[in-house]
Amino acid sequence: VDNFRVPIALLTDFGTRDYFVAAMKGTILKIAPTVQIIDITHDVAHQDVRSAAFILQACYRDFPEATVFVCVVDPGVGSSRRAIAVESANRVFVSPDNGLLSFLFDHETERAKIYELTDRSLFARDVSNTFHGRDVFAPVAAHIVAGVRVEEAGCPIIDPVRLHVPLPGRLDAEQIQGEIIHIDHFGNIVTNFLPNLLTREPIFEINGVMIKRFVAYYSEAEPGELASITGSAGFVEISCNLGSAAGVLKAKVGDKVILRNMRA
Amino acid sequence: VDNFRVPIALLTDFGTRDYFVAAMKGTILKIAPTVQIIDITHDVAHQDVRSAAFILQACYRDFPEATVFVCVVDPGVGSSRRAIAVESANRVFVSPDNGLLSFLFDHETERAKIYELTDRSLFARDVSNTFHGRDVFAPVAAHIVAGVRVEEAGCPIIDPVRLHVPLPGRLDAEQIQGEIIHIDHFGNIVTNFLPNLLTREPIFEINGVMIKRFVAYYSEAEPGELASITGSAGFVEISCNLGSAAGVLKAKVGDKVILRNMRA
Amino acid sequence: VDNFRVPIALLTDFGTRDYFVAAMKGTILKIAPTVQIIDITHDVAHQDVRSAAFILQACYRDFPEATVFVCVVDPGVGSSRRAIAVESANRVFVSPDNGLLSFLFDHETERAKIYELTDRSLFARDVSNTFHGRDVFAPVAAHIVAGVRVEEAGCPIIDPVRLHVPLPGRLDAEQIQGEIIHIDHFGNIVTNFLPNLLTREPIFEINGVMIKRFVAYYSEAEPGELASITGSAGFVEISCNLGSAAGVLKAKVGDKVILRNMRA
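The rules behind each value
- Residues numbered from 1 in each chain as written.
- Chains lettered and ligands numbered in written order.
- Predicted model: local features only at pLDDT ≥ 70, side-chain atom pairs only at ≥ 80, totals over all residues.
- Heavy atoms only, no water.
- Helix = DSSP H or I, 4+ residues; strand = E, 2+ residues; numbered from the N terminus.
- Buried < 20%, exposed > 50% of the residue type's maximum accessible area, 1.4 Å probe, protein only.
- Contact = heavy atoms within 4.5 Å.
- Areas by Shrake-Rupley, 256 points an atom, 1.4 Å probe, with all protein chains shown as cover.
- Lys, Arg positive; Asp, Glu negative; His and termini not counted.
- Charge placed at Lys NZ, Arg CZ, Asp CG, Glu CD.
- Least-squares fit on C-alpha atoms with pLDDT ≥ 70 in both.
- Buried area = accessible area lost by both parts, 1.4 Å probe.
- Salt bridge = Lys/Arg side-chain N within 4 Å of Asp/Glu carboxyl O.
- Polar contact = N/O pair within 3.5 Å; in protein donor to acceptor, adjacent residues only side chain to side chain.
- Nonpolar A, V, L, I, M, F, W, Y, C, P; charged D, E, K, R; others polar.
- Phe/Tyr/Trp six-rings, centres within 6.5 Å; stacked < 30°, edge-to-face > 60°.
- Core = buried A, V, L, I, M, F, W, Y, C linked by side-chain atoms within 4.5 Å.
- Expected span 1.5 Å × (residues − 1).
- pLDDT = per-residue confidence, 0-100.
- Axes fitted to C-alpha atoms, helices over the stretch in contact; angles between N-to-C directions.
- Left-handed = near helix turned anticlockwise from the far one by under 90°.
- Pairing = 2+ DSSP bridges.
- Bend = angle between axes of the 7 residues up to and from the residue.

1. Topic: the overall build of chain A
Turning to step 1, where the next piece is worked out: Counting its regular elements, chain A contains 5 helices and 15 strands.
Turning to step 2, where the next piece is worked out: Across its three principal axes, chain A shows a C-alpha extent of roughly 65 × 35 × 30 Å.
Turning to step 3, where the next piece is worked out: When burial is assessed residue by residue, chain A has 60% of its 264 residues classed as buried.
Turning to step 4, where the next piece is worked out: Sequence-distant contacts, at least 24 apart, represent 67% of the contacts inside chain A between residues at least 6 apart.
Turning to step 5, where the next piece is worked out: Of the accessible surface of chain A, which amounts to about 10600 Å², a share of 50% is contributed by carbon and sulfur atoms.
Turning to step 6, where the next piece is worked out: Here chain A contributes 25 positively and 32 negatively charged side chains, and the mean placements of these two sets differ by 1 Å.

2. Some thoughts on the relation of the copies chain A and chain B
Turning to step 1, where the next piece is worked out: When chain A is fitted to chain B, the best match, at an RMSD of 0.0 Å, comes from turning it 120 degrees and sliding it 0.0 Å along the axis. Taken together, the turn and the small shift mark the pair as related by a three-fold rotation axis. Considering only C-alpha atoms, the residue of chain A closest to the rotation axis is Gln36 of chain A, which sits at 4.3 Å.
Turning to step 2, where the next piece is worked out: Looking at the interface residues of chain A, only 3% of them are also at the interface in chain B, so each copy uses its own face.

3. Considerations on the interface of chain A and chain B
Turning to step 1, where the next piece is worked out: Each side of the interface is counted separately: chain A has 33 residues, and chain B has 33 residues.
Turning to step 2, where the next piece is worked out: When chain A packs against chain B, the two sides together hide about 2900 Å² of surface, and 53% of this comes from carbon and sulfur.
Turning to step 3, where the next piece is worked out: Linking chain A to chain B there are 0 salt bridges.
Turning to step 4, where the next piece is worked out: Counting every contact that joins chain A to chain B gives 17 residue pairs in polar contact (both at pLDDT 80 or more).
Turning to step 5, where the next piece is worked out: Looking at which element gives the most residues to the side of chain A that touches chain B, the answer is helix H1 (residues 20–31) of chain A, with 8 residues.
Turning to step 6, where the next piece is worked out: Counted by class, the side of chain A that touches chain B contains 13 nonpolar, 13 polar and 7 charged residues.

4. Details of the interface of chain B and chain C
Turning to step 1, where the next piece is worked out: Tallying the contact residues gives 33 residues for chain B and 33 residues for chain C.
Turning to step 2, where the next piece is worked out: Broken down residue by residue, the surface that chain B buries against chain C is led by Arg17, Tyr19 and Thr130 of chain B, which jointly contribute 24%.
Turning to step 3, where the next piece is worked out: Our count for the contact surface shared by chain B and chain C stands at 0 salt bridges.
Turning to step 4, where the next piece is worked out: Between the two partners, chain B and chain C, sit 16 residue pairs in polar contact (both at pLDDT 80 or more).
Turning to step 5, where the next piece is worked out: Ranked by residues supplied to the side of chain B that touches chain C, first place goes to helix H1 (residues 20–31) of chain B with 8 residues.

5. A word on unusual backbone geometry
Turning to step 1, where the next piece is worked out: With phi around 65 degrees, Leu242 of chain A is a residue other than glycine that occupies positive phi space.
Turning to step 2, where the next piece is worked out: Structurally, Leu242 of chain A can be placed in the loop between strand E14 (236–240) and helix H5 (245–249).
Turning to step 3, where the next piece is worked out: Taking the relative accessible area as the measure of exposure, Leu242 of chain A reaches 53% and is therefore exposed.
Turning to step 4, where the next piece is worked out: Look at Asn207 of chain C: it is not a glycine, yet its phi comes out positive at around 50 degrees.
Turning to step 5, where the next piece is worked out: Here Asn207 of chain C shows up in the loop between strand E11 (203–206) and strand E12 (209–211).
Turning to step 6, where the next piece is worked out: Asn207 of chain C sits in the partly exposed class, given a relative accessible area of 44%.

6. Comments concerning the pattern of salt bridges
Turning to step 1, where the next piece is worked out: Enumeration over the complete set of coordinates arrives at 33 salt bridges over all chains.
Turning to step 2, where the next piece is worked out: Taking the shortest distance from any N to any O, the salt bridge between Arg260 of chain B and Glu205 of chain B comes out at 2.6 Å. Linking Arg260 of chain B in strand E15 (residues 256–260) with Glu205 of chain B in strand E11 (residues 203–206), this pair joins segments that are 55 residues apart in sequence.
Turning to step 3, where the next piece is worked out: We note a salt bridge from Arg213 of chain B to Glu225 of chain B, for which the minimum N-O separation is 2.8 Å. Taken as a pair, Arg213 of chain B in the loop between strand E12 (209–211) and strand E13 (226–230) and Glu225 of chain B in the loop between E12 and E13 lie far apart in primary sequence, 12 residues in all.
Turning to step 4, where the next piece is worked out: A relative accessible area of 24% places Glu225 of chain B in the partly exposed class.
Turning to step 5, where the next piece is worked out: Within this structure, Arg82, Asp97 and Asp159 of chain A form a network of salt bridges that share partners.

7. Side note on the packing of aromatic side chains
Turning to step 1, where the next piece is worked out: Across all of its chains, the model carries 42 aromatic pairs over all chains by this definition.
Turning to step 2, where the next piece is worked out: Seen from their ring centres, Tyr60 of chain A and Phe103 of chain A are 5.5 Å apart, and the 55 degrees between their planes marks the pair as tilted. With a gap of 43 residues between them, Tyr60 of chain A in the loop between helix H2 (49–59) and strand E3 (68–72) and Phe103 of chain A in helix H3 (residues 102–107) connect regions that are remote in the sequence.
Turning to step 3, where the next piece is worked out: An aromatic cluster is defined as three or more aromatic residues linked by ring pairs; in this entry it consists of Phe14, Tyr19, Phe20 and Phe131 of chain A together with Phe54, Phe186 and Phe235 of chain B.

8. Quick look at the relation of the copies chain B and chain C
Turning to step 1, where the next piece is worked out: Taken as rigid bodies, chain B and chain C are interconverted by a rotation of 120 degrees and an axial shift of 0.0 Å, the fit giving an RMSD of 0.0 Å.
Turning to step 2, where the next piece is worked out: When the interface residues of chain B are mapped onto chain C, a mere 3% of them again fall at the interface, so the copies present different faces.

9. Some points on the nonpolar core
Turning to step 1, where the next piece is worked out: Grouped together as the largest cluster of nonpolar side chains are 73 residues, with contacts concentrated most on Ile40, Leu56 and Leu101 of chain A.
Turning to step 2, where the next piece is worked out: Leaving out residues up to four positions away in the same chain, Leu101 of chain A has contacts with Leu56, Cys71, Ile84, Val86, Phe93 and Ser95 of chain A.

10. Notes on H1 of chain A
Turning to step 1, where the next piece is worked out: End to end, H1 of chain A covers 18 Å across 12 residues, agreeing with the expected 16 Å (1.5 Å per residue, within 8%).
Turning to step 2, where the next piece is worked out: Within the span of H1 of chain A, buried status applies to Phe20, Val21, Ala22, Ala23, Met24, Lys25, Gly26, Thr27, Ile28 and Leu29 of chain A.

11. Let's talk about the confidence of the model for chain A
Turning to step 1, where the next piece is worked out: Of all residues in chain A, 96% have pLDDT values of 70 or greater, and the mean over the chain is 94.
Turning to step 2, where the next piece is worked out: This complex was scored by the predictor with a pTM of 0.95 and an ipTM of 0.95.

12. Brief notes about the packing of H1 of chain B against helix H4 (residues 132–145) of chain B
Residue and element names in this part refer to chain B.
Turning to step 1, where the next piece is worked out: As a packed pair, H1 and H4 sit with axes 8 Å apart at the nearest point and diverge in direction by 35 degrees. Pair H1 / H4 crosses with right-handed handedness. Where H1 approaches H4, its residues Ala23, Met24, Thr27, Ile28 and Ile31 are matched on the opposing element by Gly133, Arg134, Ala138, Pro139, Ala142 and His143.
Turning to step 2, where the next piece is worked out: Residue composition of the contact of H1 with H4, by class: 7 nonpolar, 3 polar and 1 charged.

13. Description of the pairing of strand E6 (residues 113–117) of chain B
Successive side chains on a regular strand alternate, one facing one side of the sheet and the next facing the other.
All names here are of chain B.
Turning to step 1, where the next piece is worked out: Bridge count for strand E4 (residues 83–88) against E6 is 4 bridges, and the pairing is antiparallel. Each residue of the ladder has a partner; that of Ala85, found in E6, is Tyr115.
Turning to step 2, where the next piece is worked out: Here E6 pairs with strand E7 (residues 154–156) via 3 bridges, running antiparallel. Residue pairing in the sheet places Leu117 in a bridge with Gly154 of E7.

14. As for the side chain of Asp13 of chain A
Turning to step 1, where the next piece is worked out: Tracing the backbone through its elements, the reader meets Asp13 of chain A in the loop between strand E1 (8–12) and H1.
Turning to step 2, where the next piece is worked out: Despite its burial, Asp13 of chain A pairs with no opposite charge, the nearest such side chain being Arg81 of chain A at 11 Å.
Turning to step 3, where the next piece is worked out: Ignoring sequence-local partners within four residues, the contact set of Asp13 of chain A consists of His42, Val44, Ala45, His46, Gln47, Val72 and Val73 of chain A together with His185 and Phe186 of chain B.

15. So, the environment of Ile158 of chain C
Turning to step 1, where the next piece is worked out: In this fold, Ile158 of chain C is placed in the loop between strand E7 (154–156) and strand E8 (169–172).
Turning to step 2, where the next piece is worked out: When its relative accessible area of 84% is taken as the criterion, Ile158 of chain C is described as exposed.

16. Considerations on H4 of chain B
All names here are of chain B.
Turning to step 1, where the next piece is worked out: Its 14 residues place the ends of H4 18 Å apart at the C-alpha level, agreeing with the 20 Å of an ideal helix rising 1.5 Å per residue.
Turning to step 2, where the next piece is worked out: Of all bends in H4, the biggest is about 30 degrees, found at Ala138, and the proline Pro139 comes one to four residues later.
Turning to step 3, where the next piece is worked out: The buried fraction of H4 is high, at 13 of 14 residues.
Turning to step 4, where the next piece is worked out: At the C-terminal side of H4, Gly147 shows a positive phi close to 125 degrees.

17. Here we look at the sheet that holds E1 of chain A
Residues and elements named next belong to chain A.
Turning to step 1, where the next piece is worked out: The sheet built from 7 strands is open, its strands ordered E2-E1-E3-E5-E4-E6-E7 with mixed pairing. Lying at the two open borders of the sheet, with one neighbouring strand each, are strand E2 (37–41) and strand E7 (154–156). Strand-to-strand twist in this sheet, taken as the mean axis angle between neighbours without regard to direction, amounts to 25 degrees.
Turning to step 2, where the next piece is worked out: Where strand E4 (residues 83–88) and strand E5 (residues 91–96) come together, 6 bridges link them in antiparallel fashion. By the bridge assignment for E5, Val86 is matched with Phe93.
Turning to step 3, where the next piece is worked out: Across the face of the sheet, H1 comes into contact with E1, E2 and E3 while running at roughly 155 degrees to E1.

What follows is the structure, given as structure tokens:
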């Protein structure tokens, strides 16, 4: 065990003020001393599995093949909820079985292999009831980058928990209703509309406001102007050039978004 | 100096908006080019040595042996306060001599070796009066992972500054009074009670509210219910399932916590 | 491509809640699998090029030679603004051409070499209009640490965008007027006065308040006392021992600072 050429990527709601992330990283380095550990984010909203899934989905393909992702948003820690590892897209994901990884089951063409983590020899010697990030998921991930095969870590399962993923639906001949699935650091509003739904001049409505401009890049809009745009996570976004679209529209995750195919 | 198999771990109150942490990391990499640098946290409350000590104490054993910890919460930077390195628990810690590391002197069975950092050849060429994280602690830590022995960095001392650590005390035959020592990212309240003090049905009181439920894992409590639990830092915590116990109880560090051994 | 002995350092306004930084890091590791990636900060105020320039200027010399800096504060992403790489001070910097790097053109004695990034074979296969951090700057930086020479990445240019940098100016025989260029995590106020301007007993005025004390280190002032000090970024700062000078003075970036050379 000497050279670790793939990273371990961490995604949690543990924040960055506490010892939680450090405890996970130290635990990993005890097992895999030189592996590079990458933070995806630790600022997922508390126990918001859906938000964690969005962030992971938006970036996991940017990582090298064989990367091991440790994704811990875990309100059920210590209960009977399962811990799983998933092989999909030539990468490995460990997580509580709470739906965080279910987009992998739906979107990848090759069938994901899903295992319940049952080999306690890969866990910490004493497993707490409150911190499986440190005691289960970090050590299992480190053992996998150090050479343990995923199928050695547990037993195959076929019934993982799945998140309900909202899809846009047709309201009538001229309107499709979707919703806001994420608001980013800049206040850009990420919708669940895929760009291939759009006509050349789409009109969106959020909280009673019409967004009639569609732009190719943010600064094509006037300063302060709202516009729709194809965002970097693969979805249509509503942005405000040099401002916060979410602030202007008082928008939040879950709010409805209406697409009118035709210009009025 | 080619392979660095142990990490350097950083713990500061420098925040993550400024150049402070980057300056420390760059300085380290000039001396130890491939060492992995791990952030414990940089969000310690300003100049709160006690909070930094809690976080370090909660995770240092999770790191590999020989890890070098750089712990800089340093209101006295530039004054005559000493800079120290401590060998303890098979790890190395550098810090201002302000009590941040004193738990190492109290809790480790093997005696800690404590040195005042006096070898200025290990410091930056020009040492500022305002930023010893960059000019003293980072370069000394890097030289240590690059092969300098701790005893070469300075002179042994026997009188390091010690923090006063509050311990729970008996109020009467039925009550013990402790206090809140940390509130975590989730709003869990960390007390200074060790789990071995607890009867099977402990009752806690914080700010006039009784907490009668004791659970093994967070979600064993009802949503919104307060409960005591053995936390992952080794202390009894008060948590609120799917909520913030500190928010519900308007609790802050230093507030009293009363344990009643018997159910009323 | 096996050993990467120099780091890539990232400086953005992307925040740490989203997938943006992770996408950049994953992209880098696909090209340069074991390079160490250092975060300078991702908390630059939204689209504040000047603030990013200050932070970079304050720490880039602390990094090893040959470090590659990826600096992305990019309100014009997707527009016709150029992407550039700069060789200066024996280090490499990639960034949108928006002035973020212009201090390198002004301050380094050796002339900076500036290239427009034009070799699309170094970019992501599909370049979005909204996220050049991932699609342009991260892959170019990774190719450079992996061995591509900067001059292979593009064409020399001589007309990069330059930031206007405010300099202190004389008001009359006894007063010089400068301004606040940064407020740090502790509330220290960074001015654009260089320490060599100071007499032994400088008096500063900010927002009508006189600061008559000059100290060598923070805790030389009384708790709560305002004082001027030579800061670690090379400029005169106004600090408040154990407090926030910016809070006390209600100061913000751009506010005027007056220096009186003589004690009144």
